[in-house]
Amino acid sequence: MYSPGRWYLCVLGLLPATLTAQSWRSGEELPLVVAAVEARAARDQDRALAGWRAMATGLVRFASVVEHVNGPIERVIRADELRVEVYGEAPNWSKQQILAWRDTNFLPNRIFYHRDHLGIVANDFGCTIRLGNGDEVRDVPHPLSPAGLGHYQFALGDTVSVARRDGIIRVVAIAVRPTNHVDAAAVGTLYLDLARAVLVRFRFTFTPAAYRDNTVADITVDLENALVDGQQWLPWRQSITIRRETPWLALPIGSVLRADWTIDEYELGLALPVAQRRIGEIGGLRSPNRQGDWEQPLSERLAEAPATGADRELVERMAMEHLDGASLSGMPPFRFGANGLSDLLHLNRVQGVVPGVGAQLSTGQWQTAGHLGLGTSDGRVVGRVAVDRPVGRYRLGVAARREMRDIGDQPVVSRVQNSLRTLVDGSDRGDWTLVEEVMLSATARSGATDLTVEAGWRKGHSASSAFTALDGTRRENPALGASGITTVRGTALHSRSTGLMARLAAEAGVGEGGWQRLAARMSGDFPIGSGSFDWVVGGGLGSRRLPPYRGFVLGGQGSLPGVGFRAIGGRRAADATIAWLVPVSLPSPPIRVLRGAALPSRVGPFLAAGVAGGQLGETRWKGGGVIHPVLGLRTELWGPSLRLDLGVALRTGEVGITVDLHPSWWTVL
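Cut-offs and rules
- Residues numbered from 1 in each chain as written.
- Predicted model: local features only at pLDDT ≥ 70, side-chain atom pairs only at ≥ 80, totals over all residues.
- Heavy atoms only, no water.
- Helix = DSSP H or I, 4+ residues; strand = E, 2+ residues; numbered from the N terminus.
- Rg over C-alpha atoms; globule rule 2.2 N^0.38 Å.
- Buried < 20%, exposed > 50% of the residue type's maximum accessible area, 1.4 Å probe, protein only.
- Contact = heavy atoms within 4.5 Å.
- Areas by Shrake-Rupley, 256 points an atom, 1.4 Å probe, with all protein chains shown as cover.
- Lys, Arg positive; Asp, Glu negative; His and termini not counted.
- Charge placed at Lys NZ, Arg CZ, Asp CG, Glu CD.
- Phe/Tyr/Trp six-rings, centres within 6.5 Å; stacked < 30°, edge-to-face > 60°.
- Lys NZ or Arg CZ within 6 Å of the ring centre and 35° of its normal.
- Polar contact = N/O pair within 3.5 Å; in protein donor to acceptor, adjacent residues only side chain to side chain.
- Arc of directions from axis to C-beta.
- Salt bridge = Lys/Arg side-chain N within 4 Å of Asp/Glu carboxyl O.

### Some points on the overall build of the protein chain
A count of helical and extended segments in the protein chain gives seven helices and 34 strands. For 669 residues, the compact-globule formula gives about 26 Å, and the C-alpha radius of gyration of the protein chain, at 28 Å, lands near that figure. If one aligns the C-alpha atoms of the protein chain with their principal axes, the spans along those axes are about 85 × 55 × 45 Å. When the 669 residues of the protein chain are sorted by exposure, 50% land in the buried category. Contacts in the protein chain between residues far apart in sequence, at least 24 positions, make up 63% of those at least 6 positions apart. In the structure as shown, the protein chain presents an accessible area of about 29,600 Å², 57% of it carried by carbon and sulfur atoms. Taking the average place of the 72 positive charges on the side chains of the protein chain and the average place of its 66 negative ones, the gap between the two points comes to 4 Å.

### Remarks on the packing of aromatic side chains
Inspection of the entire model under this criterion finds eight aromatic pairs. When the centroid spacing of 6.3 Å and the interplanar angle of 80° are considered together, the rings of Phe125 and Phe204 count as edge-to-face. A residue pair is termed long-range when its members are at least 10 positions apart, and Phe125 in the loop between strand E4 (93-105) and strand E5 (128-131) and Phe204 in strand E10 (residues 198-206) qualify at 79 residues. Seen in terms of ring centroids, Phe204 and Phe206 are 5.4 Å apart; in terms of plane orientation they differ by 80°. Their pairing is edge-to-face. Of the residues examined, Phe204 reaches a relative accessible area of 0% and is grouped as buried. Taking the relative accessible area as the measure of exposure, Phe206 reaches 0% and is therefore buried. Site record: aromatic cluster; members linked through ring pairs are Phe125, Phe202, Phe204, Phe206 and Tyr211. In this structure, Arg83 packs its charged tip against the face of Trp294, placed 4.4 Å from the ring centre. Over the ring of Trp366 we find Arg389, and its NZ or CZ is 5.2 Å from the ring centre.

### Here's the deal with the environment of Ser145
For Ser145, the location among the structural elements is in the loop between strand E6 (137-141) and helix H3 (148-151). Overall, the relative accessible area of 1% leaves Ser145 in the buried class. As for Ser145 and Cys127, which are separated by 18 residues in sequence, their C-alpha atoms are 5.2 Å apart. Those residues within four positions of Ser145 in sequence are excluded, and the remaining contacts are Val37, Arg40 and Cys127. Within the structure, Ser145 has its side chain in polar contact with the backbone oxygen of His142 (distance 2.6 Å).

### Some remarks on the environment of Pro178
Following the sequence through the fold, Pro178 ends up in strand E8 (residues 167-178). Counting along the chain gives 161 residues from Pro178 to Asn339, while the straight-line C-alpha distance between them is 34 Å. Those residues within four positions of Pro178 in sequence are excluded, and the remaining contacts are His151, Tyr152, Gln153, Ala185, Ala186, Val187, Thr207 and Leu323.

### Focus on helix H6 (residues 312-322)
Restricting attention to buried positions, one finds in H6 the residues Arg312, Val315, Glu316, Met318, Ala319 and His322. Burial along H6 is one-sided: seen end-on, the buried residues are contained in an arc of 160°. Backbone geometry just downstream of H6 places Asp324 in the positive-phi region, at approximately 60°.

### Things to note about the side chain of Ser532
The residue Ser532 is located in strand E27 (residues 531-542) in this model. Here the side chain of Ser532 touches Asp534 through a polar contact of 3.3 Å, side chain to side chain. What Ser532 contacts, discounting residues up to four positions off in sequence, is Phe526, Pro527, Ala579, Trp580, Leu581 and Arg602.

### Points about unusual backbone geometry
Of note, the amide linkage connecting Gly639 to Pro640 takes the cis form, showing an omega dihedral of 0°. Along the chain, Pro640 falls in the loop between strand E32 (628-637) and strand E33 (642-649). Although it is not a glycine, Ala197 adopts a positive phi angle of roughly 55°. For Ala197, the location among the structural elements is in the loop between strand E9 (186-193) and E10.

### A closer look at the pattern of salt bridges
Taken as a whole and assessed by the stated rule, the structure comprises 49 salt bridges. Salt-bridge contacts for Asp378 lead to Arg380; the nearest nitrogen and oxygen are separated by 2.7 Å. Residue class for Asp378 comes out partly exposed when judged on its relative accessible area of 22%. The partly exposed category is assigned to Arg380, whose relative accessible area is 22%. When the shortest N-O distance is used, the salt bridge between Arg458 and Glu437 registers 2.9 Å. Here Arg458 is found in strand E23 (residues 449-462), whereas its partner Glu437 is found in strand E22 (residues 432-446), with 21 residues between them in sequence. Shared partners join several salt bridges into a network, and the residues in it are Arg401, Glu403, Arg405, Asp409, Glu437, Glu454, Arg458, Arg489, Glu507, Arg517 and Arg550.

Nothing here speaks to function; it is geometry throughout.
Take a look at the structure:
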């Protein structure tokens, strides 16, 4: 038996992350591409080519992905692990047998996988690419097929040489895109063994016309081969990621199905067993049996696996560069849209009930998004419209906004809970300012970091309370407005699949009455024993003329439970929280659809502290430079769907309890 050697890992590490292609040419103009097409055709027609057998281990995950200001948050809904016996034989034959299959459901679902998602791609797709049994992608010509020579354009990139005991392996990167951008086609990068003209790796996505299912936003494929016994390039590692969205409504949430496979234990020179010829392409188990000698619990496998979106954005960004910035989304050009369901209907103390409607439109490379809302108590119209498009390696845009904004950079409560609190007893957790602005922006990505620069004009208007709660309460809103001024802002957002997130923003008002503001925030987690430490640290600093609505506030719900709600604040502030959370087994909620689901819960102590200083105009928040420590207990329930914090302010002994939906769901609701 044979497993790919360490030398191949060196190849993968040295392959270029970006392509230095200078010109696009047809396949017939590149001898290496023609040779690769001929080599694949000969392989698929050679009946004398030695057959092979291997074992494949796969992890298939279905997850929700929620977009946040500080990056996406992923929640696995279902996970499956499989062991598959694979036989390959020319001409273009492969048979697979599922030998072992286990699964875990973390939330109720009715997920049924297409059969080909439960096995590997054994022959680089052959002449045509097909996914989801043809329901997701069908009849897309492979770039290294006879039809692909005319269907695609190619561009030579970098070459990497790797020394082995038996010689030098040289691998060349070749960009590929369709000749006609509106055709159904693959877009990505081929890596070819220069001496053998054989495919080593293929990383690609598809043009929108390739998708046959209107819920598919995009599909990313990464196929890696290994040279087995110096004879054949055969499958080694594979990853297929399918991202779905709602075709008529754009929300900051989607679902992702990702299958990661490792193929090893090769045996060459075998004939396909007669019994295997009678089964379908993928036979064996039809459903999980949860048996087998698995090396580790499925929960540990999930913890080690890369995030479902790992490498997807890199592949898509390279593909967009190949297509001169054209959109690769499979979603319809027009969709209704909202930054969460509360954009459609919410409630606050200055506007009352606010119904709204939004939409998104994609026309060529231009992306337009807008939203309009009306406050039924104050009569104010609020809304936003933004237009952007890619230009080279940048995304340029212009946006006009007129909207109510809470003080601070981080939300402290879900909009659903805040609307209910405001309705019942007027205890709105927001301190609101009507902000009007027109901003130009430019965004670029470097590795895992998004860099954005904005410039324009902004003004904040103070807003008075206009809504009376059901109990007759009307809580006053502070005066936080400031005169209009030219504003410049730079933001760096760093997000990794390991869970580390960091955000740094520098902002300034330019001209008479100018001001400066700097804010940073980092969060992450790391395992300790059976649990994990979750941590977050943040802070900000503003100049003396900082507008009140750009200040910093701390205390109570969302930051320091036990300290009075927004009892401290000013022109500068810092806070940190660290929690050690361990998994616990709790009964599922008494809801029928949730019975039997493995809803994870966690509980553990946390320590938090915050400090603020620098009086901010005539606002009620006081700093004083005093550190306010809090010791408490955190419980995350069922998914997690809910978070409960019980905190004790160590300076005063006051106790605070907060219950809300888990923050990972706030942007959706």
